[in-house]
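Fold and geometry: a report
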Amino acid sequence: LILMLLYYKAGSGDIPNIIPSGCYPLILVLFTLKCVLTPIRTRGPLWRGIGAVISAPLTRPTFFHTYIADVFTSMVKVFQDILWTACFFLSGDFLLLESTKENFENSYQDWHTTRWYKNIAIPLICLIPLWIRF
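Residues numbered from 1 in each chain as written. Predicted model: local features only at pLDDT ≥ 70, side-chain atom pairs only at ≥ 80, totals over all residues. Heavy atoms only, no water.

Here D93 is to be found in the loop between α5 (76–91) and α6 (98–103). A distance of 2.8 Å separates a polar atom in the side chain of D93 from a polar atom in the side chain of W111. (Helix = DSSP H or I, 4+ residues; strand = E, 2+ residues; numbered from the N terminus. Polar contact = N/O pair within 3.5 Å; in protein donor to acceptor, adjacent residues only side chain to side chain.)

Now the structure itself:
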């Protein structure tokens, strides 16, 4: 919540622009990744199960693997959001100020309207959990 407030205040110019306003969401994503990946000792079985689900034709499935695959089929929208977030940060759009986006429409990249994103990446993200499941 604090990072969201800092992002809003930095974008509106209410606080000094020491850190670019787009870096606050990046900090939040990095913190979330840290929480998902660590501690390895308690997250290890989950990640081994995810690896077994992804390599399902090569491994013997158990009930736990079937359950993870079933959860993946319910998380298609979440996977689309993860793809959008990755493209947003990798394109560098998060470094642009909000005022730059409003004043210069062509200053940010239109990766979310391109053919590869709309017609290839999003359908693949929708298909992969179903393909893994069955």
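What follows picks up the thread again.
All right, on to the packing of aromatic side chains then. In total, this model carries six aromatic pairs according to the counting rule given. Seen in terms of ring centroids, F72 and F79 are 5.5 Å apart; in terms of plane orientation they differ by 80 degrees. Their pairing is edge-to-face. Seen from their ring centres, W111 and Y117 are 5.4 Å apart, and the 85 degrees between their planes marks the pair as edge-to-face. Exposure remark for Y117: the relative accessible area of 7% places this residue in the buried category. Three or more aromatic residues joined by ring pairs make a cluster, and in this case those are W84, F88, F89, W111, W116 and Y117. (Phe/Tyr/Trp six-rings, centres within 6.5 Å; stacked < 30°, edge-to-face > 60°. Buried < 20%, exposed > 50% of the residue type's maximum accessible area, 1.4 Å probe, protein only.)

Between its first and last C-alpha, helix α4 (residues 63–74) extends 17 Å over 12 residues, near the 16 Å set by a 1.5 Å rise per residue. Among all positions in α4, only H65, I68, A69 and F72 are buried. Buried residues along α4 cover an arc of 100 degrees about the axis, so they all sit on one side. Relative to its buried face, α4 has exposed residues pointing more than 90 degrees away, namely F63 and S74. (Expected span 1.5 Å × (residues − 1). Arc of directions from axis to C-beta.)

In summary, soluble globular proteins display a tendency toward joint burial of nonpolar side chains. In terms of nonpolar packing, the biggest core is built from 10 residues, these being C23, L83, C87, F88, F89, F94, W111, Y117, A121 and I122. The set of elements that each furnish at least two residues to this core consists of α5 and α7 (115–133). If one sorts the elements of this core by residue count, α5 sits on top with four residues. Judged by nonpolar contacts, the second largest core, of six residues, contains I50, V53, F72 and I132. (Core = buried A, V, L, I, M, F, W, Y, C linked by side-chain atoms within 4.5 Å.)

So far we have only geometry, and geometry alone does not tell us how the molecule works.
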